[in-house]
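# Commentary on secondary and tertiary structure
Residues per chain are reported as follows:
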Amino acid sequence: GFRKVGEPQARRTKADVPRLYKEMIEVMDEGVGRLLTHLEKCGLRENTIVIFCSDNGPTKDGSTAGLRGTKGTVYEGGHRVPLFIHWPTGGIDAGRDIPELTANVDVMPTLLELAGVSPPENLHGRSLIPYLLGADPDRGPFLMQLPEKSEQQAIVDWPFKLIWQMKRNRLLLFNLETD
């Protein structure tokens, strides 16, 4: 499946996509398993926080499970991705679902709070600890701006999302609980 550095890239068809995704997931699963096994051998697994998150949604060849948009868009399919946090002694319930938008910039404030360190005032993001412990805090508005070539901006104030398609000068309003 995967090519080695320096090998020419073979032409890929849409039929290859499920197999390639399967292989990528298997490699990722193996790597996470090796990490957890190593932490276990070192006696660190119970009190180590492991965070795994995808950086964006799939390309046009991948699946968004019915969500609109793909990688590089402000639609849900472009950024709604899994975020897993494993911390056995941290009091986090397994399977806790956070429906509101979080971002990778929330990881550092979360880790700082867990370490008992106050974040600097200019640090972006918010701690996820209230969500992880079962609270439902008010997140407030979240601005999404992609590179200029995408010509899209959005603001989310749960459950609403307003998308500005700049090139068309068109606004789209969605209720994320129903749309």
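Predicted model only: the values in this text are computed from it and were never measured. (Residues numbered from 1 in each chain as written. Predicted model: local features only at pLDDT ≥ 70, side-chain atom pairs only at ≥ 80, totals over all residues. Heavy atoms only, no water.)

### Some remarks on the side chain of Q152
Here Q152 is to be found in strand β4 (residues 152–157). At 3.1 Å, the side chain of Q152 and the backbone nitrogen of V74 are in polar contact. If near-sequence neighbours (up to four positions away) are discounted, Q152 is found in contact with G72, T73, V74, Y75, Q145, L146, W164 and M166. (Helix = DSSP H or I, 4+ residues; strand = E, 2+ residues; numbered from the N terminus. Polar contact = N/O pair within 3.5 Å; in protein donor to acceptor, adjacent residues only side chain to side chain. Contact = heavy atoms within 4.5 Å.)

### A short note on the pattern of salt bridges
In the structure shown here, the tally under the stated rule is 5 salt bridges. For E26, the salt bridge is made with K22, and the minimal N-O distance between the two is 2.6 Å. Of this pair, E26 and K22 both sit in helix α1 (residues 17–41), 4 residues apart, roughly one helical turn. The closest approach of N and O atoms between R80 and E76, which form a salt bridge, is 2.6 Å. Relative accessible area serves as the criterion here: at 40%, R80 is assigned to the partly exposed category. We classify E76 as buried; its relative accessible area is 12%. One salt-bridge network, in which partners are shared between bridges, spans E76, R80 and K161. (Salt bridge = Lys/Arg side-chain N within 4 Å of Asp/Glu carboxyl O. Buried < 20%, exposed > 50% of the residue type's maximum accessible area, 1.4 Å probe, protein only.)

### Here we look at the side chain of Q153
Assignment of secondary structure puts Q153 in strand β4. At 3.4 Å, the side chain of Q153 and the side chain of Q145 are in polar contact. With near-sequence residues (within four places) excluded, Q153 lies in contact with V74, M144, Q145, L162, I163, W164 and M166.

### So, the nonpolar core
In this structure, V74, Y75, L101, F142, M144, A154, V156, I163, L172, F174 and L176 together form the largest nonpolar core, which totals 11 residues. Those elements that provide at least two residues to this core are β3 (142–145), β4 and β6 (170–175). Excluding residues within four positions of it along the chain, V74 makes contact with H79, M144, L146, Q152, Q153, A154, K161 and I163. (Core = buried A, V, L, I, M, F, W, Y, C linked by side-chain atoms within 4.5 Å.)

### Structural notes on the sheet that holds strand β5 (residues 160–165)
Pairing is antiparallel in the open sheet, where 4 strands are placed in the order β3-β4-β5-β6. Looking along the sheet, the strands with just one partner apiece sit at the ends: β3 and β6. Neighbour-to-neighbour, the strand axes of this sheet turn through a mean angle of 15 degrees, independent of strand direction. Summarising the sheet, β3 and β4 pair through 4 bridges and their orientation is antiparallel. Bridged to M144 within β4 is A154. (Pairing = 2+ DSSP bridges. Axes fitted to C-alpha atoms, helices over the stretch in contact; angles between N-to-C directions.)

### Points about unusual backbone geometry
The omega torsion across W158 and P159 is 10 degrees, close enough to zero to call that bond cis. Position of P159 relative to the elements: it lies in the loop between β4 and β5. Positive phi, normally seen in glycine, also occurs at A65, with a value near 55 degrees. Positionally, A65 belongs in the loop between β1 (50–53) and α2 (76–79). Even without being a glycine, N169 presents a positive backbone phi close to 50 degrees. In this fold, N169 is placed in the loop between β5 and β6. Assessed through its relative accessible area of 61%, N169 is described here as exposed.

### Topic: the confidence of the model for the protein chain
Per-residue pLDDT for the protein chain averages 83, and the proportion of residues at 70 or more is 89%. The spread of mean pLDDT over the elements of the protein chain runs between helix α4 (residues 129–132), the lowest at 82, and β6, the highest at 95. (pLDDT = per-residue confidence, 0-100.)

### Some thoughts on the layout of surface pockets
One number sums up the size of the largest pocket: a volume of about 1,200 Å³. Contributing to the lining of the largest pocket are 46 residues, with C53, V81, P82, L83 and T102 lying nearest its centre. Only α2, β2 (83–86) and β3 provide two or more residues apiece to the lining of the largest pocket. Broken down by class, the residue content of the lining of the largest pocket amounts to 25 nonpolar, 12 polar and 9 charged. Of the volumes computed, that of the second largest pocket is approximately 770 Å³. For the second largest pocket, the lining is made up of 27 residues, of which I25, M28, F52, S54 and P82 are closest to its centre. Put simply, the parts of the chain that give the lining of the second largest pocket at least two residues each are α1, β1 and β2. Per-element accounting of the lining of the second largest pocket gives the leading share, 7 residues, to α1. Here the lining of the second largest pocket is composed, by residue class, of 15 nonpolar, 9 polar and 3 charged. (1 Å grid on protein atoms, 1.4 Å probe; cavity = no way out; pocket = protein on both sides within 12 Å on 5 of 7 lines; lining within 4 Å. Points joined across faces, edges and corners; volume = space filled by probe spheres on them. Nonpolar A, V, L, I, M, F, W, Y, C, P; charged D, E, K, R; others polar.)

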